[in-house]
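Fold and geometry: a report
These are the residues of each chain, in order.
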Amino acid sequence: MSGTERSTASQGRALSVAGVIALCVALLAGWLGVVAGSAGAAEPGRPAVTVSQSTNLVNQRILVKWTGFTLAAGTNSVVVMQCKGTSPQPRDCWAPRWTEKGEEVKQPDSVPPGASTKQTGLPTAADGSGQAWIQVRPALRLPELGCSDRQVCSIVVFVTPAEGSTASSFKPLENVELGLSYGPKDTEMALAFAAGQYALTPLSFVPAPDACPGMEHPDLSVNGAGEFTQAGSSWVFGLCTARTNTVNMTVSAGSGPSGREVFLNKSVDVGVTQQPIAGPLDSARPVPLGGIRDKAKTVYAPLTNGALAFSFNIDDVQTHLPVTSMKLTPRLVAKLITGAYPAAPHGPGAILQLSQDPEFTAINEEHAWPVAVRTPILRGVQDDTIWALTQWLVSDPETLTWLSGTPDANGIVCPAEWRVGPATYPMAVYTNRLEMLANTNVPQSVYEDIVNRLGNSVPTNRSITDVGPKDDGQDKYGYHNVMAITSVEAATRMGTPMAKIRNAAGNFVDPTDPATVRAGLAAAKPGPDGVTLTNDFRSTVANAYPLTVTNVAMVSTDKLTAAKATKIDTFLAYAATAGQIQTGSFQPGALPPGYIPLSAAQKQQITDARKKIADAPKWTGETPPPTTAPVAQGNNAGSSAGSSAGNNGGPNTPGTVDPSGTPTAAPSTAPSTAPIGAAAPPTDKGPFPSVANVIKDALDGDPSALVLLVLMCVSGAALIACPVLLSLGHKRRTGGWPPPVAAVLRLVGRQGAAT
């Protein structure tokens, strides 16, 4: 910096060109150095961390890899956490404990099970490297950190110190308890930082819900099938930030049946369903589906395609590495969801778990499978996907025979409570029918809770305490053992593998292959509306994936105003165009990974629906009451809040099985839902307050950003001053201006003379 000081301290002699250039280069280097430092760059040979995805993050899992932790080699001392800012203190992270006024303080337990964004006791190899999956959460899912596009957060990896360690004499704690139960202390984290036994990398999330102005008075409200929610939340930002024809939209999730109910009751503008109104599930209801809207004036338009998946988060208990492949037949799925293995007789040679079943071992690779027997996590509310799943089971001849009470070749028998007769197939709601599994098989009402449990390997096991049932928490690292039946989108977001399932042609098909999903969609039969689709589970198309899902919008032309019709038209036009673009990762406004874009024929169906809406008579009577967005439930605002009916059992009305018929199903209740985006608009007006807000947001929660801001301002001034100072120096030495400046002065002079 001495050159810089000399070039700026003397006002009595001309500034040298070299000195000015040195100033610019030094300031620019300082600026770039701070930016590089805030991005988590590491010096060669020092601990470093990389992640599988660092931008446009949502509620998802990412793979974290670290290198250079040679001091921790051969130990389980590494901790991975999500923290706020790029220079986080222990209290900026979700996990640590700290001491305040002589008492230990922990983060409040205000989020669902397994929500802590940390992994502890992670092993490090002999070369100082390691890796682990960790779930990261945006502000909507973890407001305590507030991570968004405006609040940068970080993944922090550090070594837990052994007792007696100092910054100069650091020793790792060799065996930290695996999983989430260990809460690192702030002093441990600070000591690891002081000793250089840490690394971090910044994370950037998608815009927070309040990124859309005017959301206190949304133009449209959308509610229905949980499988649509992630696409809908993406489209919220695409529609509200459009250059023309903006739409402020809220998206909330319950289920298909609840979506039809709230739609017919005029609680939302657009319902999202997989079955048509008065379809097979609705026809099986003991109480007919009512509502204020005229059912005959409903227009249907496809929104997204996808599929149900049997996703798993299971580790080999010997290698402690994730199992990445699995094959399932319909009968194996039936054995899992009915609890056939734990309910089986426990005599000599009894088959008590999936990995002992010859039907399973004959088609799967050999692994040291976990011993614990767990049923897949399923939704416990009326849902179109449960209806489709159970219809698929009874459409397979050998599975129907097994569900009717005939043991398989290995003597495994269906529990009496799940057999045809006591249970009616297909069914709309999954309940726990076995008392012995009351504390291990607990159906989940909220769709996103299933997704979170899958990603964090949090089973539904509960312990009974003096204050009632308590969730047992996450499986230990290396011993994960959770399966869930959810969407391909959700499993993709959580980075969990999905099983190949056998179709009616006898082939095992992969739901992650778009070709198999498209083949299944092509085999599906259109409903009476021509838009909704019913799977053809007996299709013998070789590569057809049987459990495809098409989410369909319901729009009513009953008392539809011209203004509302315009907003709905914009929404549908977006769904058919920009809403179908995929980029390979989550991009606000695009179609998230895991969905299958609409076909040309389906896009034409949207065009036809838009024409029907445009041609329908517009209501010009009294102004209809404003649409009320569904009420939020707990901490799952914007997720999948649905009815909790059916969680504690209660079989459907007994009857005889008819795979193509419409047996009785229990009624559902209206969901408790919440909008994905709803916030007050910014109060600033004009460009300058907006700039001030941007600066305020950049500094909020990150003091080091103040240094960055000062250097940016100084560097910007230097960039402007450099040509001026160079020109002045040239004139003092030569008596004339540099040619470019002289040319500008001559041009200005000529213009002045002409004037």
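Parameters at a glance
- Residues numbered from 1 in each chain as written.
- Predicted model: local features only at pLDDT ≥ 70, side-chain atom pairs only at ≥ 80, totals over all residues.
- Heavy atoms only, no water.
- Helix = DSSP H or I, 4+ residues; strand = E, 2+ residues; numbered from the N terminus.
- Contact = heavy atoms within 4.5 Å.
- Areas by Shrake-Rupley, 256 points an atom, 1.4 Å probe, with all protein chains shown as cover.
- Core = buried A, V, L, I, M, F, W, Y, C linked by side-chain atoms within 4.5 Å.
- Buried < 20%, exposed > 50% of the residue type's maximum accessible area, 1.4 Å probe, protein only.
- pLDDT = per-residue confidence, 0-100.
- Pairing = 2+ DSSP bridges.
- Axes fitted to C-alpha atoms, helices over the stretch in contact; angles between N-to-C directions.
- Salt bridge = Lys/Arg side-chain N within 4 Å of Asp/Glu carboxyl O.
- Phe/Tyr/Trp six-rings, centres within 6.5 Å; stacked < 30°, edge-to-face > 60°.
- Lys NZ or Arg CZ within 6 Å of the ring centre and 35° of its normal.
- Disulfide = S-S within 2.5 Å.

1. Quick word on the overall build of the protein
Along the backbone of the protein there are 19 helices and 22 strands. Summarising the internal contacts of the protein: among those between residues at least 6 apart in sequence, 76% fall at separations of at least 24. Working note: accessible area of the protein is about 32,200 Å², and carbon and sulfur atoms make up 57% of it.

2. Here we look at the nonpolar core
The nonpolar side chains of soluble globular proteins are, as a tendency, buried together. Residues Phe 310, Met 326, Leu 328, Trp 392, Leu 403 and Leu 547 are the most contacted members of the largest nonpolar core, which totals 53 residues. Of all elements in the fold, only strand S13 (298-314), helix H7 (330-337), helix H8 (340-343), helix H10 (384-395), helix H11 (397-403), strand S17 (481-487), helix H13 (488-494) and helix H14 (514-523) reach the threshold of two or more residues within this core. Here Met 326 is in contact with Phe 312, Ile 314, Phe 360, Asn 364, Trp 369, Met 483, Ala 499 and Lys 500, once residues within four sequence places are set aside.

3. A word on the confidence of the model for the protein
On average, residues of the protein score 80 in pLDDT, and 72% of them reach the 70 mark or higher. In the model, residues 1-44 has pLDDT below 50 throughout and makes 39 contacts with residues more than four positions away in sequence or in other chains. Under a pLDDT of 50 for its full length, residues 750-755 has, in the predicted model, zero contacts with residues more than four places off or in other chains.

4. Examining the sheet that holds strand S7 (residues 130-136)
Pairing is antiparallel across the open sheet formed by three strands, whose spatial order is S1-S2-S7. Because the sheet does not close on itself, it has two edges, and the strands there are strand S1 (48-51) and S7. Averaged over all pairs of adjacent strands, the angle between strand axes in this sheet comes to 30°, irrespective of strand direction. Bridge count between S1 and strand S2 (residues 60-67): four bridges; the pairing is antiparallel. In the sheet register, Val 49 faces S2, and the bridge partner there is Trp 66.

5. Section: the pairing of strand S22 (residues 548-556)
Counting buried positions along S22 gives nine out of nine residues, so the element sits mostly inside the fold. Judged from the four bridges that link them, strand S12 (residues 270-273) and S22 form a sheet pairing that is antiparallel. For Val 270, the partnering residue across the bridge sits in S22 and is Val 555. Judged from the nine bridges that link them, S13 and S22 form a sheet pairing that is antiparallel. In the sheet register, Ala 301 faces S22, and the bridge partner there is Ala 553.

6. Section: the pattern of salt bridges
On inspection of all chains with the given rule, the structure shows 19 salt bridges. In this structure, Asp 219 engages Lys 567 in a salt bridge whose closest nitrogen and oxygen atoms are separated by 3.9 Å. Pair noted here: Asp 219 is in the loop between strand S9 (198-203) and strand S10 (220-224) and Lys 567 is in helix H15 (residues 562-576), with a separation of 348 residues, a long-range link. Overall, Asp 219 belongs to the partly exposed group, its relative accessible area being 21%.

7. Points about the sheet that holds S17
With mixed pairing, six strands are arranged side by side in an open sheet as S11-S10-S12-S22-S13-S17. Where the open sheet ends on each side, the last strands, each with one partner, are strand S11 (249-253) and S17. Pairs of neighbouring strands in the sheet enclose a mean axial angle of 20°, with direction left out of account. Note that S10 and S12 share three bridges and pair parallel. If you follow Gly 224 over to S12, its bridge partner there is Val 272.

8. Thoughts on the packing of aromatic side chains
Summed over all chains, the structure comprises seven aromatic pairs. Ring geometry for Trp 235 versus Tyr 574: centroids 6.4 Å apart, planes at 70°, classification edge-to-face. One end of the pair, Trp 235, is in helix H4 (residues 229-240); the other, Tyr 574, is in helix H15, and 339 residues separate them in sequence. On the basis of relative accessible area, Trp 235 is assigned to the buried category, the value being 0%. Judged by relative accessible area, which is 13%, Tyr 574 ranks as buried. Members of the aromatic cluster, joined through ring pairs, are Phe 228, Trp 235, Phe 571 and Tyr 574. Taking the ring centre of Trp 418 as reference, the NZ or CZ of Arg 433 above it sits at 4.9 Å.

9. As for the state of the cysteines
Enumeration over the complete set of coordinates arrives at three disulfides. What pairs with Cys 83 in a disulfide is Cys 93, and their sulfur atoms sit 1.9 Å apart. Residues Cys 83 and Cys 93 are joined through a disulfide that is right-handed, its torsion about the S-S bond being 100°. Taken together, the residues span a long stretch of sequence, with Cys 83 in strand S3 (residues 78-84) and Cys 93 in the loop between S3 and strand S4 (98-100) at a distance of 10 residues.

10. Quick word on unusual backbone geometry
For the bond from Tyr 425 to Pro 426, the omega torsion is -10°, close enough to zero to count as cis. Looking at where Pro 426 falls in the secondary structure, it is placed in the loop between H11 and helix H12 (447-456). A positive phi angle, close to 60°, is found at His 320, a residue other than glycine. Take His 320: it is sitting in the loop between S13 and strand S14 (327-328). Relative accessible area serves as the criterion here: at 28%, His 320 is assigned to the partly exposed category. With a phi close to 55°, Lys 559 is a non-glycine residue in the positive phi region.

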